[in-house]
Amino acid sequence: MSFNKIAVMGGGSWATALAKLLLRNCENIMWYMRRDDRIEDFKRIGRNPAYLTDVEFDVNRIEFSSDINYVCDKADTLMMVMPSPYFKSHTNKITVDISGKNIISAVKGIVPDENEIISDYMVRHFGVDPEKMLVIAGPCHAEEVALSRPCFLTVGCHNVEYAEEFGANLNSPTTRTIPSSDVEGIEYAAVLKNVYSIAAGIVHGMKGGDNFMAMLMCNAVREMERFIDEVCPRPRCICDSVYLGDLLVTAYSRFSRNHNFGAIIGKGYSVTTARMEMEQTAEGYYGTKCIKEINKNYGVDMPILDAVYDILYGHANAERAMRATGSCFI
């Protein structure tokens, strides 16, 4: 598989962190951003003007464009890093044939309304070859990548050799990539860990204590395992870093927007207020509803997901709903 001309599709913090990693190993990249004013500011100051603003770039090595079809036509590899709620609004603009491209999803979400993980949507909607579909997951945060702290990324592809080949473009003295063939499991885990991070934030906000939090996370990983094994059964170890590790870093970190979103709710504020307070998208808000809808077809026992859903969409009292999950703890 050839990864000669890589394009970063999206302008947020995760896109910025991944672009920085790519430029350690690639001579140049393309970068699609929706707003021309952001592109002009980026070129002028050598930094993303809105996200991870301390990270410097050699803009001479970046071909920016707000024309998604131009980028999709010229690049052989498209790294999708848009927030999931806006994924369709971006990709619906694509009119060129991308069925032969390498598609890499770093979205960590589900396509709203479709209730599909990104890989399934890209294969169905754009005719992408499943063998050319890759995914990127953690455990890591964009902020820690930017700070050059030790980070681990998992690159998934049905062909593990392709995962290893692309992973070489992200490796650095502080970043290690781990190949995997569990594309679908990785994507579902990336969605679920955001849901459970909201739950962890709620418990933190309501001062539920470390003991409650520990049991919550133990049961969250069991719940994640039950769901993923039912939806896409195959051998996997849920304790691997891409599942348990990503869950823990997202649930506990101060960098986690989903945790912070949940913490606002746990302090007694409304979901509407919490959403207004967030400067960035809390993917778990949307992922909760999508997984709830998907699970109607499977009937997996998911009391933590159900509690978060009731809080976010059913106006349930956050503290009572989370404490009620304790009766399900083993």
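Located above this text is the structure these notes cover.
The rules behind these values
- Residues numbered from 1 in each chain as written.
- Predicted model: local features only at pLDDT ≥ 70, side-chain atom pairs only at ≥ 80, totals over all residues.
- Heavy atoms only, no water.
- Helix = DSSP H or I, 4+ residues; strand = E, 2+ residues; numbered from the N terminus.
- Buried < 20%, exposed > 50% of the residue type's maximum accessible area, 1.4 Å probe, protein only.
- Contact = heavy atoms within 4.5 Å.
- Polar contact = N/O pair within 3.5 Å; in protein donor to acceptor, adjacent residues only side chain to side chain.
- Phe/Tyr/Trp six-rings, centres within 6.5 Å; stacked < 30°, edge-to-face > 60°.
- Lys NZ or Arg CZ within 6 Å of the ring centre and 35° of its normal.
- Pairing = 2+ DSSP bridges.
- Axes fitted to C-alpha atoms, helices over the stretch in contact; angles between N-to-C directions.
- Core = buried A, V, L, I, M, F, W, Y, C linked by side-chain atoms within 4.5 Å.

## Notes on the environment of His-141
In step 1: Mapped onto the fold, His-141 is located in the loop between β8 (133-137) and α6 (142-146).
In step 2: Exposure remark for His-141: the relative accessible area of 9% places this residue in the buried category.
In step 3: Measuring from C-alpha to C-alpha, the distance between His-141 and Ser-256 comes to 7.7 Å, with 115 residues separating the pair along the chain.
In step 4: Among residues more than four places away in sequence, those in contact with His-141 are Val-249, Thr-250, Ser-253, Phe-255 and Ser-256.
In step 5: Within the local environment of His-141, its side chain forms a polar contact with the side chain of Ser-253, the two groups lying 3.3 Å apart.

## Focus: the packing of aromatic side chains
In step 1: Enumeration according to the criterion identifies 13 aromatic pairs in this entry.
In step 2: An angle of 65° between the planes, with centres 5.6 Å apart, marks the rings of Trp-31 and Phe-57 as edge-to-face. One end of the pair, Trp-31, is in strand β2 (residues 29-32); the other, Phe-57, is in the loop between α2 (36-45) and β3 (62-65), with 26 residues separating them in the sequence.
In step 3: Ring geometry for Tyr-285 against Tyr-286: centres 5.1 Å apart, planes inclined by 90°, an arrangement best described as edge-to-face.
In step 4: Since its relative accessible area comes to 12%, Tyr-285 is described here as buried.
In step 5: An aromatic cluster of three or more residues is present, and its members are Phe-261, Tyr-285, Tyr-286, Tyr-309 and Tyr-313.
In step 6: Lys-20 extends its terminal NZ or CZ atom over the ring of Phe-57, reaching a point 5.2 Å from the ring centre.
In step 7: Taking NZ or CZ as reference, Lys-108 lies 4.3 Å from the ring centre of Trp-14, over its face.

## Section: the sheet that holds strand β9 (residues 151-157)
In step 1: Here we have 8 strands laid out as an open sheet, ordered β3-β2-β1-β4-β5-β8-β9-β10, and mixed in their pairing. Looking along the sheet, the strands with just one partner apiece sit at the ends: β3 and β10 (175-180). Across this sheet, the average inter-strand angle for adjacent strands is 20°, counted without regard to direction.

## Some details on the nonpolar core
In step 1: Grouped together as the largest cluster of nonpolar side chains are 56 residues, with contacts concentrated most on Phe-227 and Phe-261.
In step 2: Looking at which element gives the most residues to this core, the answer is helix α8 (residues 183-205), with 13 residues.
In step 3: Residues contacting Phe-261, with those up to four places away along its chain left out, are Ile-198, Val-271, Ala-274, Arg-275, Met-278, Ala-282, Tyr-285 and Leu-312.
In step 4: Residues Met-79, Cys-157, Ala-163 and Leu-170 belong to the second largest nonpolar core, which totals 38 residues.

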